[in-house]
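What follows is the residue order along each chain.
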Amino acid sequence: MISTSVRIAASPEVVFPYFTDPLLMVTWIGDRVDLDARPGGKFALDFSGVAARGSYETVEPPHRVVFTWGIPEDDLMPPGSSTVEVELVADGADTIVNLTHRDLPPEREPSHLEGWQGCLGVLATDVHL
Amino acid sequence: MTPGTDETAAPVGPDAVLRALADPHRRRILRLVQSTELPAGQIAAHFDLTQQAVSQHLAVLKRAGILAERREGTRRLYSLRSESLLPLRALLDEFWPDALARLKQSVEQAHPRTEEPRTEERGPT
């Protein structure tokens, strides 16, 4: 699981569409973005020659957006194999963005789970930072 | 060309490591040797693959610098070079922080805080 946060000098209402509007998302992640920000809607972005694919699971403006994330034809992290959860918390006039990228929940397809967790398992066990 | 021990693996980037890890058999091999050194035969015994197929997987992992090979008599022993996974760990760790830093920059440039100066210049009197 990867968690990271950033403080942005703008309100959640301003920040939220950067996770749902392709024209805004492309300004910070991806070279090409194709989004349909509704539960079940398409999440697709290409960055540095890598294609990330998934679908939106939760879209609750302006505080929460969840989408799945994966890379086609990569058994390490196939589409739908991991989930990115974004939380926007107002702090005064600023927004704290909390992002968590976690594995697929266990009820999903086990072979997908094996792929990503297998790799991370090796990393987690053996890399001591 | 001298076959045999090759303990000085060239430094490799995250791409080669990722490609080598993008196979469930190879990841299983790494889990087998992550805390112990094993000969090829014992590794192969865990798989429904030919010895040759296992050897090929070992070769890919070796080339990517993830697997260390040591000769002991006629046996070749394999173990994980955990330091080879550091670049990948760094890549994963840095991806989202880098992206959010760009998000911050993008939002704040598009929506600059207009801080009203307290004393407005009214021009010369």
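Further up the page is the structure itself.
A. Structural detail: the overall build of chain B. Of the regular secondary structure elements, chain B holds five helices and three strands. Going from the N terminus to the C terminus, chain B shows its helices and strands as α-α-β-α-α-β-β-α. Out of the 125 residues in chain B, the part that is buried amounts to 25%. When contacts within chain B are restricted to residue pairs at least 6 apart in sequence, long-range pairs at least 24 apart make up 62% of them.

B. Up close: the overall build of chain A. Per the secondary structure count, chain A includes three helices and seven strands. Order of helices (α) and strands (β) in chain A, N terminus to C terminus: β-α-α-β-β-β-β-β-β-α. Taking all 129 residues of chain A together, 29% fall into the buried category. Taking the contacts inside chain A whose residues are at least 6 apart along the sequence as the reference set, 33% of them involve residues at least 24 apart.

C. Representation of the sheet that holds strand β2 (residues 67-72) of chain B in the model. Residues and elements named next belong to chain B. Pairing in this open sheet of three strands is antiparallel, and the strands run β1-β3-β2 from one edge to the other. Where the open sheet ends on each side, the last strands, each with one partner, are β1 (38-39) and β2. Relative to strand β3 (residues 75-80), β2 is paired through six bridges, and the arrangement is antiparallel. The residue bridging Glu72 from the neighbouring strand is Arg75, located in β3.

D. Structural detail: the packing of helix α2 (residues 24-32) of chain B against helix α4 (residues 51-63) of chain B. All names here are of chain B. Where α2 meets α4, the closest approach of the two axes is 10 Å, and the angle between their N-to-C directions is 75°. Taken together, the axis directions place α2 and α4 in an arrangement best described as roughly perpendicular. The residues of α4 that touch α2, namely those facing His25, Arg26 and Ile29, are His57, Leu58, Val60 and Leu61.

E. Spotlight on the nonpolar core. Ranked by size, the top nonpolar core spans 26 residues in total, and within it Val15, Tyr18, Val86 and Val97 of chain A carry the most contacts. Mapped by element, the contributors of at least two residues to this core are β1 (2-8), α2 (22-25), β3 (42-47), β4 (50-60), β5 (64-69), β6 (82-91) and β7 (94-103) of chain A together with α5 (86-110) of chain B. Not counting residues within four places of it along the chain, the set of residues in contact with Tyr18 of chain A comprises Leu24, Met25 and Trp28 of chain A together with Leu103, Ser106 and Val107 of chain B. Judged by nonpolar contacts, the second largest core, of 18 residues, contains Leu30, Val33, Ile43 and Leu80 of chain B.

F. Representation of α2 of chain B in the model. Restricting attention to buried positions, one finds in α2 of chain B the residues Arg26, Arg27, Ile29 and Leu30 of chain B. Looking straight down α2 of chain B, one finds its buried side chains confined to an arc of 155°; they lie on one side.

G. Fine view of α4 of chain B. All names here are of chain B. With 13 residues, α4 should cover 18 Å at 1.5 Å per step; its first-to-last C-alpha distance of 18 Å lies within 8% of that length. Within the span of α4, buried status applies to Val54, His57, Leu58 and Leu61. Viewed along the axis of α4, the buried residues span an arc of 100°, placing them on a single side of the element. Counted as exposed and oriented over 90 degrees from the buried face of α4: Gln52 and Ala59.

The rules behind the values
Residues numbered from 1 in each chain as written. Chains lettered and ligands numbered in written order. Predicted model: local features only at pLDDT ≥ 70, side-chain atom pairs only at ≥ 80, totals over all residues. Helix = DSSP H or I, 4+ residues; strand = E, 2+ residues; numbered from the N terminus. Buried ≥ 20, exposed ≤ 12 C-beta atoms within 10 Å, placed from the backbone. Contact = placed C-beta atoms within 7 Å. Pairing = 2+ DSSP bridges. Axes fitted to C-alpha atoms, helices over the stretch in contact; angles between N-to-C directions. Parallel < 35°, antiparallel > 145°, perpendicular 65-115°, else oblique. Core = buried A, V, L, I, M, F, W, Y, C linked by C-beta atoms within 7 Å. Arc of directions from axis to C-beta. Expected span 1.5 Å × (residues − 1).

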